[in-house]
Amino acid sequence: MTEELLLTEGDVNFSACRKDWYKIIDSNTLEMLDEDAAVFMHQSLSTPCLDVIESCEGIYITDTGGKRYMDFHGNNVHQVGYRNPYVIGKVKEQMDVLPFSPRRFTNTAAIQFAQKLTSLLPAQLNRVLFAPGGTSVIGMALKLARVVTGKYKVVSYLDSFHGASLDAIAVGGEHQFKKYMGPFNPQPENITPPDSYRNAFADNDDVHYADELENIFKNDSGIGAFIAETIRNTDAQVPTKAYWQRVRQLCTQYNVLLILDEIPIAFGRTGKMFAFEHYDIVPDILCLGKGLGAGIIPFAAMVTRDEYNVAADVSLGHYTHEKSPLGSVAAIAMINYIEQEKLLEKVQADALFFGSELQKLKDRFPIIGDVRGVGLLWGIELVKNRVTKEKAIAEAELVMYNCLKNGLSFKVSQGNVIQLCPALIITRTQLQTAIDILERAFLKLATGAFS
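Residues numbered from 1 in each chain as written. Predicted model: local features only at pLDDT ≥ 70, side-chain atom pairs only at ≥ 80, totals over all residues. Heavy atoms only, no water.

## Considering the overall build of the protein
Helix and strand content of the protein: 14 helices and 15 strands. Here the C-alpha radius of gyration of the protein, 22 Å, is about what a compact globule of 451 residues would show, namely 22 Å. Here the C-alpha coordinates of the protein stretch approximately 65 × 60 × 45 Å along the principal axes. Scored against the burial criterion, the 451 residues of the protein give a buried share of 54%. Carbon and sulfur atoms form 53% of the exposed surface of the protein, whose accessible area is close to 19,300 Å². For the protein, the centre of its 44 positive side-chain charges and the centre of its 53 negative side-chain charges are spaced 2 Å apart. (Helix = DSSP H or I, 4+ residues; strand = E, 2+ residues; numbered from the N terminus. Rg over C-alpha atoms; globule rule 2.2 N^0.38 Å. Buried < 20%, exposed > 50% of the residue type's maximum accessible area, 1.4 Å probe, protein only. Areas by Shrake-Rupley, 256 points an atom, 1.4 Å probe, with all protein chains shown as cover. Lys, Arg positive; Asp, Glu negative; His and termini not counted. Charge placed at Lys NZ, Arg CZ, Asp CG, Glu CD.)

This is the structure in structure tokens:
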């Protein structure tokens, strides 16, 4: 396995930088990390762990030694900040009345959230199913696509991630999840995702990336669905409106369902409540999760069209917590908070500031090949050479661990892309602090202070 493939998501918990990180951890924390590693299954990207977290609030997570990190990763659950008091208050109220609703019954909270969610979406998207997590929602969407179309084949992007269960990784493309899993039947068709920085076409027009999709549709009548993130979360790839409008047209033309996975990026992350709103398109199935439960209750939702309400004789979900009153109340409170605090407008303004400041870093440090993003989702792509665009994988890891030492946590994607997605409640002062931490790390890299 190449280093680039191994480090596709950056911090893989057994690198040399990780070993060095453990050397600065206090003995009490190391003991707890050892206890964790002794009882939990080890898995790439997760266990052994990085640190031991004791509390969280707002944009911060705090470890057992009192060290605070500005969390610019958050597993995408922290749109309204950690431990949001408004959301927690509503959840506590619900816990005193109805903390659980058996699947055969409904409840007021679930109905009210379904109504609230569909009221925010285009009129065509008016049928919902809930589940405990995003992976489960992807599974329901894939099952519904088979029922609706009678077809079993799926197209997705190369190196895409739609969840960690076997059905979800079957339609994805990440090696780190498919390794050892054997053949999938039917095998998904993986196409090249649009890439604004490493565009393969002479005119740099990402609409051409849809040619590959059209060719598959033309040559294989067994394709029932195309599943994709509207805006790729991990490395902040933002396609053009022309690209998505062509994809929508192709799916309609060839009777293929368009499934948009907005599990990590909905609810204000991009400056819109839903990312597809940037593109003037409507998906056939929309998958939501992560931030839906406000970082308090695991909760996810699938939304689709009334005309696809045709699976009454099968169980698409049938999850124990599929009409979770706690999840529903958390989700209503999360959305209400976004609306009341006008976070969409705030994020749009923050995007102008954040993008401008990151561009200043690019102008100053040649190792930064590209800065891209939307809303409060940004990627900084590091390269050894701006002409060849060779990935600066080792350098990205050095920057990440230096920022961790200085209280800024984020994810590295594709081996060389620093992904930044803070809570939407972050202040301008806090954004500037994060930029200052990044600047100091790049300065150390430029002056050879890491060597």
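## Considerations on a nonpolar patch on the surface
On the surface, V147, V310 and V314 cluster together to form a nonpolar patch covering roughly 210 Å² of accessible area. By relative accessible area, V314 is classed as partly exposed at 43%. (Patch = residues over 30% accessible without salt bridge, like charges linked within 9 Å, V, L, I, M, F, W, Y side chains within 5 Å. Salt bridge = Lys/Arg side-chain N within 4 Å of Asp/Glu carboxyl O.)

## Considering the sheet that holds strand β15 (residues 417–420)
Hydrogen bonding along the main chain pairs the strands of a sheet, whether they run parallel or antiparallel. Read across the open sheet, the four strands follow the order β11-β12-β15-β14; overall the sheet is antiparallel. Two strands in the sheet have a free side with no partner beyond their single neighbour: β11 (368–374) and β14 (411–413). Strand-to-strand, the axes of this sheet are offset by a mean angle of 25°, without reference to chain direction. Bridge count for strand β12 (residues 377–382) against β15 is four bridges, and the pairing is antiparallel. Within β15, the residue paired with G379 across the bridge is Q419. Strands β11, β12 and β15 of the sheet are contacted by helix α12 (residues 343–364), whose axis makes an angle of about 175° with β11. (Pairing = 2+ DSSP bridges. Axes fitted to C-alpha atoms, helices over the stretch in contact; angles between N-to-C directions. Contact = heavy atoms within 4.5 Å.)

## Describing the sheet that holds strand β1 (residues 53–57)
Taken in spatial order, the four strands make up an open sheet running β1-β2-β3-β13, and their pairing is mixed. On the outer flanks of this sheet lie β1 and β13 (408–409), each paired with one strand and no other. When β1 meets strand β2 (residues 60–63), the two strands line up antiparallel, connected through four bridges. Each bridged residue has a counterpart across the sheet, and for I53 the counterpart in β2 is D63. Packed on one face of the sheet, helix α14 (residues 428–446) meets β2, β3 (68–71) and β13 and runs near 100° to β3.

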